[in-house]
Amino acid sequence: MTQRALDSSGEHNPGPSRPAMIDAGAELDPVHPVDLPPSAHDATGLTTAEVAERVARGEVNDVPVRSSRSVTEIVRANVFTRFNLIIGVLWVIMLFVAPIQDSLFGFVIVANTGIGIIQEWRAKKTLDSLAVIGEAKPTVRRDGKAAEISTHEIVLGDVVELGPGDKVVVDGTVAEADSLEVDESLLTGEADPVLKRTGDPVMSGSFVVAGGGAFTATKVGREAYAAQLAEEASRFTLVHSELRSGISTILKYITWMMVPTAIGLIISQLVVKDNNFKDSVARTVGGIVPMIPEGLVLLTSVAFAIGVVRLGRKQCLVQELPAIEGLARVDVVCLDKTGTLTEGGMDVTEVRPLGGSDEAYVHQVLRSLGSSDPRPNASLQAIIDAYPAGEGDKAGWTVTDALPFSSARKYSGAAFTEADGSSSAWLLGAPDVLLPEGDPTLTEIEHLNEQGLRVLLLARLPGGELDAPDAAEGDVPTALVVLEQRLRPDAAETLAYFAQQNVATKVISGDNAVSVGAVAGKLGLAGAENTLDARKMPTDPDDMATAMEQNAVFGRVTPQQKRDMVAALQSRGHTVAMTGDGVNDVLALKDADIGVSMGSGSEATRAVAQIVLLNNSFATLPSVVAEGRRVIGNITRVATLFLTKTVYSVLLAILVVCTQVEYPFLPRHLTLLSTLTIGVPAFFLALAPNKERAQPHFVRRVMRYAIPSGIIAAAATFTTYLVARHHYSGPGALEAETSAATLTLFLTSMWVLAIIARPYTWWRIGLVAAMGLGFLIVLAVPWLQEFFALKLVGTTMPWAAVGIAVAAAALLEFSWRLVGRRFGA
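All figures in this text were calculated on a predicted structure; none of them were measured in a lab.

Peer 1: I would appreciate a short explanation of the overall build of the protein in the present structure.
Peer 2: For the protein, the count of helices and strands is 29 helices and 21 strands. Partitioning the intrachain contacts of the protein with sequence separation of at least 6 by distance along the chain shows that 73% fall at a separation of at least 24. With an accessible surface of roughly 33600 Å², the protein has 59% of that area assigned to carbon and sulfur atoms.

Here you go:
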């Protein structure tokens, strides 16, 4: 079949987006059409020899699967930054004009950058290994046998089998179709599934929502329609993150402030003051370097990377870094009952014949229904387990037609030729869909649902047309199949955690609302008695949002309704997480702020989710929330430290320019201060446990503490410096003045650190005390005094510096409490 012939087959498919999709594919290699050998269309698939030939010709699905940045990209991203460039130039200058002590800031940057590279490389290794674990394994027919292979092993002409939830991994043509419905919303935005027939094209990136079949691969590798999209989707991406965008905004404003201030400082120190050239350059650099909060960006990356590694150890694959942050901001979690609160398996507890039906005959019908579907869902699998084929079987039942289960229909079906030659057709599904409203059987079913049991109705279909739109009308109820769902042992504890954290939990299911509410009640979900049948859900978005906020359990929800429910909650300002494992969850997962998929879920759900729980444990979610809160809360804390330094550095430079005095510090002084009051403590504080609820408006929250703190620190330091200039005179005066100013700035910065380290624990107190002890050692050890050019002269001025710092500390306490009262913590 040529590519031109393949394109023309699109006419079998309704849908406005179909021609555009086909044309887009046809643009690839129009001169050399792909001719598929007859064996490609054979139900047995390719032979081993044919596969080898195609591999040799390069006709293999060789699109690289990337779950993270390459090592080269990691190095480039950590080394070639705007601030590393500025600091690198200043470092080179200092190496030529000043002692090595004044160039220490450059070595610190090298060390920090190295730490960033190593941490992200570790995160990359974790991600890559987890991505391999979670990789889809399509079923391909070769040599007449079906086997699972890796996606990258598919070759041109392979026959790939499809079932509900399977993702179409390469472009192809349908070779077999059994009520095959494909969702192409990820490619076209069109939510309605498309019915596929033999000869119709299927595009990579779409997925099966109902039915089954097989397709022949016609385009593989980079020629596939969605190859680039798939590669991007599986990457270690950085979607919107308030933390990252907030830091970027802060850095942008700092750059604008830094440039004119640095120019003014250069002019002041080199032109206006007729100082020693090298000393002037050193003091100029000493004024510029601390304006740059270079460690803040690094520390954010390290915190995220370590978070990924920590979660990776718990078999949690974070496909997009800010998902850690996003889940920490979530205030509503929408849970799919099946596979989340309950385990995938179910057990048949009872079969109740209706209307005098023969029990043995009902068992035979169920046995035959089980063998009619090659890809049974959990409910049908429970029936297969209870009534396996061959056990007491009446020989001669033959399947003549089958209707796979669909989330939209809420039932499946099959038609048989029975042993005596008669024909029968059956439907198995939701009783409240198959039975008319007011049917007395529904009352019996309601009592079972209230016990948390799941009930399916087996109904005989007189007409025999399974796929008729009104197939369920006129059916004859034959039996009730009562199923008991297996509750996840850790679900109750997880629901309790979310309740403690003030995160609202909404259970959204396609099952009966009362039954779902009973299951949720067994697990201790608050408000589980507030159930709503989604068929009675208002369609107006505002009314739907009200219904969502007033109820906790929703049943008979269609896939499109799940999506609308997420949008309704978001319209009220909620940050919504959606969990799920089936194809009916994909639309909602895609639109939620954070999508969480189970590792055993369909390939489609794993493709759109930001977080995949590879161990299928809902109990991992609290770990993800905790990790996000740790990252956000701690970065907010340490950002205040970094930006306080930036504020006081800019203000000190402006004050120096305005008063035309020497800049009080050399780079070595500020390297020491930054290390003891910011660098070392920030690293430990950023990785500490933190359970604070994530708050919005990162920039405002940080700056309303950093600005007053920076102003107070700059004012106190410059006051000490001016007093010291009047107090000291003669040779060595500038060094004495610098030492006094350094003492005040250190003590003031230490108080900022002490405030940020609250609430105190033994290790936090020890951390602050260790930093103070480090500074005392520098002042007490002679060779360190000389190395850092720090020596307190006399007693009057050092004690004055301490007094000014104490006054600054009192002002800091007052300003922080004032900000906390006016704006909240």
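Peer 1: Would you take a moment to explain the sheet that holds strand 17 (residues 531-533) for this structure?
Peer 2: Two orientations exist for strands paired in a sheet by backbone hydrogen bonds: parallel and antiparallel. The 8 strands are arranged 8-21-20-19-9-16-18-17 in an open sheet whose pairing can be described as mixed. Lying at the two open borders of the sheet, with one neighbouring strand each, are strand 8 (316-318) and strand 17. On average, each strand axis in the sheet is inclined to that of its neighbour by 20°, with strand direction left out of account. As paired strands, strand 9 (residues 332-336) and strand 16 (residues 504-508) are joined by 5 bridges and run parallel to one another.

Peer 1: Hey, could you run me through the environment of Ser709 in this one?
Peer 2: Looking at the secondary structure, you find Ser709 in helix 25 (residues 698-727). On a C-alpha basis, the gap between Ser709 and Ser815 in space is 7.9 Å, while along the polypeptide they are 106 residues apart. Beyond its immediate stretch of four places on either side in the chain, Ser709 contacts Thr644, Val752, Leu812 and Trp816.

Peer 1: Would you mind showing me how to read helix 23 (residues 621-659) here?
Peer 2: For the α-helix, the turn length of 3.6 residues means that residues three or four positions removed from each other point alike. Between its first and last C-alpha atoms helix 23 spans 57 Å; for 39 residues at 1.5 Å apiece the expected length is 57 Å, and the two agree. Burial of helix 23 is extensive: 32 of the 39 residues sit out of reach of the surface.

Peer 1: Explain the packing of aromatic side chains to me, please; I cannot follow it from the model alone.
Peer 2: To describe a pair of aromatic rings, you give the distance between the ring centres and the angle between the ring planes. One pass over the structure, following the stated rule, counts 11 aromatic pairs. Between Phe746 and Phe775 the ring centres are 3.9 Å apart and the planes differ by 10°, which places this aromatic pair in the stacked class. Linking Phe746 in helix 26 (residues 733-756) with Phe775 in helix 27 (residues 762-780), this pair joins segments that are 29 residues apart in sequence. Classification of Phe746 by relative accessible area gives buried; the value is 3%. Among the residues examined, Phe775 registers a relative accessible area of 3% and is labelled buried. An aromatic cluster of at least three residues, connected via ring pairs, comprises Tyr361, Trp397, Phe416 and Trp426. Here Lys252 stacks its cationic end above the ring of Tyr253, 5.7 Å away from the centre of that ring.

Peer 1: Looking at this structure, I do not really get the pattern of salt bridges. What am I missing?
Peer 2: Where charged atoms of side chains with opposite charge meet at close range, the side chains can pair. All chains considered together, the criterion is met by 20 salt bridges. Between Arg141 and Glu161 there is a salt bridge, with the nearest N and O atoms lying 2.9 Å from each other. Of this pair, Arg141 sits in strand 1 (residues 139-142) while Glu161 sits in strand 3 (residues 159-162), and the two are 20 residues apart along the sequence. Taking the relative accessible area as the measure of exposure, Arg141 reaches 12% and is therefore buried. Here Asp591 makes a salt bridge to Arg563, at a shortest N to O gap of 2.7 Å. Of this pair, Asp591 sits in helix 21 (residues 586-591) while Arg563 sits in helix 20 (residues 559-571), and the two are 28 residues apart along the sequence.

Peer 1: Help me understand the nonpolar core in this model?
Peer 2: As a rule of thumb, nonpolar side chains are buried together in soluble globular proteins. Formed by 86 residues in total, the largest nonpolar core has its most connected members in Phe105, Val638 and Phe775. Per-element accounting of this core gives the leading share, 12 residues, to helix 23. Not counting the four nearest positions on each side in its chain, Val638 is found in contact with Leu299, Ala682, Leu685 and Ala686.

Peer 1: Got a minute to help me understand the pairing of strand 16 in this structure?
Peer 2: Within a regular beta strand, the side chains point alternately toward one face of the sheet and then the other, so they alternate between its two faces. Across the 5 residues that make up strand 16, a large majority, 4, are buried. Both strand 16 and strand 18 (residues 553-555) contribute to a ladder of 2 bridges, which runs parallel. Following the sheet pairing, Ile508 is matched in strand 18 by Phe554.

Peer 1: Just checking my understanding: could you explain the pairing of strand 19 (residues 576-580) for this structure?
Peer 2: Burial analysis of strand 19 places 5 of its 5 residues in the buried class, which makes it a mostly covered element. Of the two faces of strand 19, both are covered, the one formed by Val576, Met578 and Gly580 as well as the one formed by Ala577 and Thr579. Where strand 19 meets strand 20 (residues 594-598), 4 bridges bridge the pair, whose relative direction is parallel. Bridge pairing in strand 20 links Ala577 to Ile594.

Peer 1: I tried to follow unusual backbone geometry on my own but got confused; where do I start?
Peer 2: Glycine aside, negative phi is the norm for most residues, and most peptide bonds take the trans geometry. The peptide bond linking Arg758 to Pro759 adopts the cis configuration, its omega dihedral lying at -5°. Looking at where Pro759 falls in the secondary structure, it is placed in the loop between helix 26 and helix 27. Within the chain, Asp143 stands out as a residue other than glycine whose phi angle is a positive 55°. Assignment of secondary structure puts Asp143 in the loop between strand 1 and strand 2 (145-148).

Peer 1: Explain a nonpolar patch on the surface here, please?
Peer 2: Taken together, the side chains of Val71, Val75, Val79, Phe80 and Trp121 define a hydrophobic patch exposed on the protein surface, amounting to about 450 Å² of accessible area. The element that contributes the greatest number of residues to the nonpolar patch is helix 4 (residues 71-79), accounting for 3 residues. Among the secondary structure elements, Val75 is positioned in helix 4.

Peer 1: Looking at this structure, I do not really get the packing of helix 25 against helix 26. What am I missing?
Peer 2: The description of two packed helices rests on the angle between their axes and on the distance between the axes. Where helix 25 meets helix 26, the closest approach of the two axes is 8 Å, and the angle between their N-to-C directions is 155°. By the criterion of interaxial angle, the relationship of helix 25 to helix 26 is roughly antiparallel. Crossing handedness for the pair helix 25 and helix 26: right-handed. Taking contact as the criterion, the partners of Ser709, Ala713, Ala716, Thr717, Thr720, Tyr721, Ala724 and Arg725 in helix 25 are, on helix 26, Leu734, Glu737, Ala740, Ala741, Thr744, Leu745, Thr748 and Val752. In terms of residue class, the contact of helix 25 with helix 26 is made up of 9 nonpolar, 5 polar and 2 charged.

Peer 1: Before we go on, may I ask you to explain the packing of helix 24 (residues 667-686) against helix 27 in this structure?
Peer 2: At a minimum axis distance of 10 Å, the contact between helix 24 and helix 27 shows a crossing angle of 160°. Considered as vectors, helix 24 and helix 27 are oriented roughly antiparallel to each other. Between helix 24 and helix 27 the crossing geometry is right-handed. Taking contact as the criterion, the partners of Leu672, Leu673, Leu676, Val680, Pro681, Phe684 and Leu685 in helix 24 are, on helix 27, Trp763, Arg764, Leu767, Met771, Gly774, Phe775 and Val778.

Peer 1: When you look at the side chain of Arg454 in this model, what are you seeing that I'm missing?
Peer 2: Mapped onto the elements, Arg454 comes out in strand 14 (residues 454-460). We classify Arg454 as buried; its relative accessible area is 15%. Within the structure, the side chain of Arg454 is placed 3.2 Å from the side chain of Ser379, a separation counted as a polar contact. With residues up to four places along the chain from it excluded, the contact list for Arg454 reads Met346, Ser379, Val481, Val482, Leu483, Gln485, Asp511 and Ser515.

The rules behind each value
Residues numbered from 1 in each chain as written. Predicted model: local features only at pLDDT ≥ 70, side-chain atom pairs only at ≥ 80, totals over all residues. Heavy atoms only, no water. Helix = DSSP H or I, 4+ residues; strand = E, 2+ residues; numbered from the N terminus. Contact = heavy atoms within 4.5 Å. Areas by Shrake-Rupley, 256 points an atom, 1.4 Å probe, with all protein chains shown as cover. Pairing = 2+ DSSP bridges. Axes fitted to C-alpha atoms, helices over the stretch in contact; angles between N-to-C directions. Expected span 1.5 Å × (residues − 1). Buried < 20%, exposed > 50% of the residue type's maximum accessible area, 1.4 Å probe, protein only. Phe/Tyr/Trp six-rings, centres within 6.5 Å; stacked < 30°, edge-to-face > 60°. Lys NZ or Arg CZ within 6 Å of the ring centre and 35° of its normal. Salt bridge = Lys/Arg side-chain N within 4 Å of Asp/Glu carboxyl O. Core = buried A, V, L, I, M, F, W, Y, C linked by side-chain atoms within 4.5 Å. Patch = residues over 30% accessible without salt bridge, like charges linked within 9 Å, V, L, I, M, F, W, Y side chains within 5 Å. Parallel < 35°, antiparallel > 145°, perpendicular 65-115°, else oblique. Left-handed = near helix turned anticlockwise from the far one by under 90°. Nonpolar A, V, L, I, M, F, W, Y, C, P; charged D, E, K, R; others polar. Polar contact = N/O pair within 3.5 Å; in protein donor to acceptor, adjacent residues only side chain to side chain.

Shape is all these values report; function is a separate question.
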